[in-house]
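# Fold and geometry: a report
This is what each chain is made of:
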Amino acid sequence: MVLSLKSVSEFSYASFVNTLSIDDETVYVDFTADPFLIPVAVLTLLIKIKEWLQQKKTVYVRNHKRCRYLHRMNFFKMAGLKVDEDFTRHSADGRFVEITEIGVDTDLLASNIADCLLQEQSGSWNPEETGAYDLLFYSITELANNVLQHSRGKGYCFVQKYPKKNYLRIAIADDGIGIKNSLIDTPYFKEKAVEAIAEAIKPRVSGSTHKTIGESVNFGVGLAILTKLSSLLGGYFSIYSDDGLYSSHGATTVRSPIQGTICGFCFPLDALDGKSFNTTVLQRSKKELGLLTDNNFSGVFI
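Being a predicted model, the structure only gives us computed values, none of them experimental. Here the residue numbering is sequential within each chain, running from 1 through the sequence in written order. Side-chain atom pairs in this predicted model are given and counted only at pLDDT of 80 or more, local residue features only at pLDDT of at least 70, and totals for whole chains, interfaces and linings cover all residues. Each side-chain value is worked out from all heavy atoms of the structure, with water and hydrogens disregarded.

## A look at the overall build of the chain
Where we set the bar: A run of DSSP states H or I qualifies as a helix once it reaches four residues; a run of E qualifies as a strand once it reaches two. Both are numbered from the N-terminal end. Any two residues whose heavy atoms approach within 4.5 Å are treated as being in contact. For accessible areas, the Shrake-Rupley method is used with a probe of radius 1.4 Å. Any residue's cover is judged against the shown protein chains and nothing else.
Within the chain one finds 10 helices and 10 strands. Within the chain, counting contacts between residues at least 6 apart in sequence, those at least 24 apart form 67% of the total. Carbon and sulfur atoms make up 48% of the accessible area of the chain, which totals about 13,400 Å².

Structure, rendered in structure tokens:
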């Protein structure tokens, strides 16, 4: 089976996911078209390749030299594919953080990513200064803690800034048990994966175990706030687990079940700057989710 990759955006992600339904014992991943893949699509392909290898399928790569971008992002190495690298690596220069395996210290991971991508800003938990830096830090810690607490698998993070297109894209993926199975011993369990994802983005569901990782405790509001924020800021989100895909464009059951969970978020860069982010959008998102009333708004992430 030949998987001829084409460019993937937020609008074509669902179609891309359905192309990954492959039963053949040999898979050829073809990069001839030099496709542009958003971070969530990159991690989806990575997890799928690892899944195929675990199933003892043979995976070959065609024309990988046309896709040096994925080389630079450590894609082939992280996917477990031996591919020669014959180019000079250049500095990220604040544009991206290559695919990174998630470790126990999620605060350190998040601060390193935020410092790299948002060098011109300084992180602050002051309610009047919270913006892109703190949103990025919060997103990474919350999503990474979800991986460590619930997935029982390996997790990966990939973030890129697109100044010309005015986007910040965040992707987190794991090869663990998936959202549906992580809820199996809770009152929120659903038989259908897409319904389980819908439950997981409700406040305080995904963190129902409250398992402590280092000094961080996941209170289960991160997925809810991030999906709400992406909508209010004019961005996009997608959550793919098992055969369920829940995104800004709707919920659907896909042809290609995946092992684990892949989350992608896209935020407009210019919507994250300034005091208005805290006093309007963040407050509105938390209020719409029932996380605060007019009298208890703190102005910071929880």
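## So, the sheet that holds strand 9 (residues 236-247)
Counted only if it meets this: In short, DSSP must find at least two bridges between two strands for them to pair. As a rule, the C-alpha atoms of each element are fitted with a line to give its axis, helices using only the stretch in contact, and angles between N-to-C directions run from 0 to 180 degrees.
With antiparallel pairing, 5 strands are arranged side by side in an open sheet as 4-5-6-10-9. Edge positions in the open sheet fall to strand 4 (96-101) and strand 9, since each of these has one partner strand only. Taking each pair of neighbouring strands and ignoring which way they run, the sheet shows an average axis angle of 15°. Two elements, strand 9 and strand 10 (residues 250-268), share 11 bridges in a ladder whose sense is antiparallel. Residue Gly244 lies in a different strand from strand 10, and its bridge partner there is Thr253. Running at roughly 150° to strand 10, helix 2 (residues 39-54) makes contact with strand 4, strand 5 (155-162), strand 6 (167-174), strand 9 and strand 10 of the sheet. The strands touched by helix 5 (residues 106-117) within the sheet are strand 4, strand 5 and strand 6, with strand 4 carrying the most contacts at an inclination of about 160°.

## Topic: unusual backbone geometry
Keep this limit in mind: Under the scheme applied here, a residue whose accessible area is under 20% of the maximum for its type counts as buried, over 50% as exposed, and between as partly exposed, the area being computed with a 1.4 Å probe on protein chains only.
With a phi close to 55°, Asn63 is a non-glycine residue in the positive phi region. Among the structural elements, Asn63 can be located in the loop between strand 3 (58-62) and helix 3 (68-72). Its relative accessible area of 39% is what places Asn63 among the partly exposed residues. Even without a glycine there, the phi angle at Arg152 is positive, about 60°.

## Overview of the nonpolar core
Here is the rule: The definition of a nonpolar core used throughout is a set of buried Ala, Val, Leu, Ile, Met, Phe, Trp, Tyr and Cys residues joined through side-chain atoms within 4.5 Å.
Counting 45 residues, the largest nonpolar core has Ile113, Leu136, Ile140, Val159 and Phe267 as its most contacted members. With 9 residues, helix 6 (residues 132-151) is the single largest residue contributor to this core. Ranked by size, the runner-up nonpolar core spans 43 residues in total, among them Leu37, Trp52, Leu70 and Ala173.

## Considering the pattern of salt bridges
Any two side chains of opposite charge can pair, on the condition that their charged atoms come close. Applicable threshold: Any Lys or Arg side-chain nitrogen found within 4 Å of a carboxyl oxygen on Asp or Glu counts as a salt bridge.
Counting across every chain of the model gives 7 salt bridges. Residue Glu98 is joined to Arg72 by a salt bridge in which the shortest nitrogen-to-oxygen separation is 2.7 Å. Pair noted here: Glu98 is in strand 4 and Arg72 is in helix 3, with a separation of 26 residues, a long-range link. Residue Glu98 is classed as partly exposed on the basis of its relative accessible area of 22%. Across the salt bridge formed by Lys180 and Asp242, the nearest N and O atoms sit 3.8 Å from each other.

## Details of the pairing of strand 2 (residues 26-30)
Stated formally: We call a crossover right-handed when, viewed with both strands directed away from the observer, the connection leading from the first strand over the helix to the second proceeds clockwise.
Relative to strand 2, strand 1 (residues 2-4) is paired through 3 bridges, and the arrangement is parallel. Pairing of Leu3 across the sheet is with Val29, part of strand 2. At this point the chain moves from strand 1, through helix 1 (residues 13-18), to the parallel strand 2, and the crossover so formed is right-handed. Sheet topology places strand 2 next to strand 3; 5 bridges connect them, and they run parallel. Counted as the bridge partner of Val27 is Val59 from strand 3. Handedness of the crossover joining strand 2 and strand 3 through helix 2: right-handed.

## Considerations on helix 5
We count it as follows: In this scheme, a helix's expected span is set at 1.5 Å multiplied by one less than its residue total.
Compared with the 16 Å implied by 1.5 Å per residue over 12 residues, the 17 Å span of helix 5 between its first and last C-alpha is a close match. Looking at helix 5, one finds that the buried residues are Thr106, Leu109, Ala110, Ser111, Ile113, Ala114 and Leu117.

## Structural notes on helix 8 (residues 193-200)
Of all the 8 residues making up helix 8, 6 are buried; the element is thus mostly covered by neighbouring parts of the structure. Those residues of helix 8 hidden inside the fold are in contact with helix 7 (178-182), helix 9 (222-232), strand 9 and strand 10.

## Observations regarding the sheet that holds strand 3
Taking strand neighbours across the sheet as the criterion, the 3 strands line up as 1-2-3 in an open arrangement whose pairing is parallel. Each edge of the open sheet is held by one strand with a lone partner, namely strand 1 and strand 3. Across the sheet, the mean angle from the axis of one strand to that of its neighbour is 20°, orientation sign disregarded.

## Comments concerning the packing of aromatic side chains
Inclusion rule: Two aromatic rings, drawn from Phe, Tyr or Trp (for Trp, its six-membered ring), form a pair once their centres lie within 6.5 Å of each other, and the interplanar angle then sorts them: stacked below 30 degrees, edge-to-face above 60, tilted otherwise. Sitting over a ring, as applied to charges here, requires NZ of Lys or CZ of Arg to be within 6 Å of the ring centre and within 35 degrees of the ring normal.
Summed over the entire model, instances satisfying the criterion amount to 9 aromatic pairs. Judged by centre distance (6.3 Å) and plane angle (35°), the ring pair of Tyr13 and Phe16 falls under tilted. Of this pair, Tyr13 and Phe16 are both found in helix 1, 3 residues apart, which corresponds to roughly one turn of the helix. Taking the centre distance of 6.4 Å and the plane angle of 5° together, the rings of Phe265 and Phe267 count as stacked. Overall, Phe265 belongs to the buried group, its relative accessible area being 2%. Members of the aromatic cluster, joined through ring pairs, are Phe237, Tyr246, Phe265 and Phe267. Its end group placed over the ring of Tyr28, Arg62 keeps NZ or CZ at 4.5 Å from the ring centre. The cationic tip of Lys165 hangs over the ring face of Phe36; the distance from NZ or CZ to the ring centre is 4.4 Å.

What is shown is where atoms sit, not what they do.
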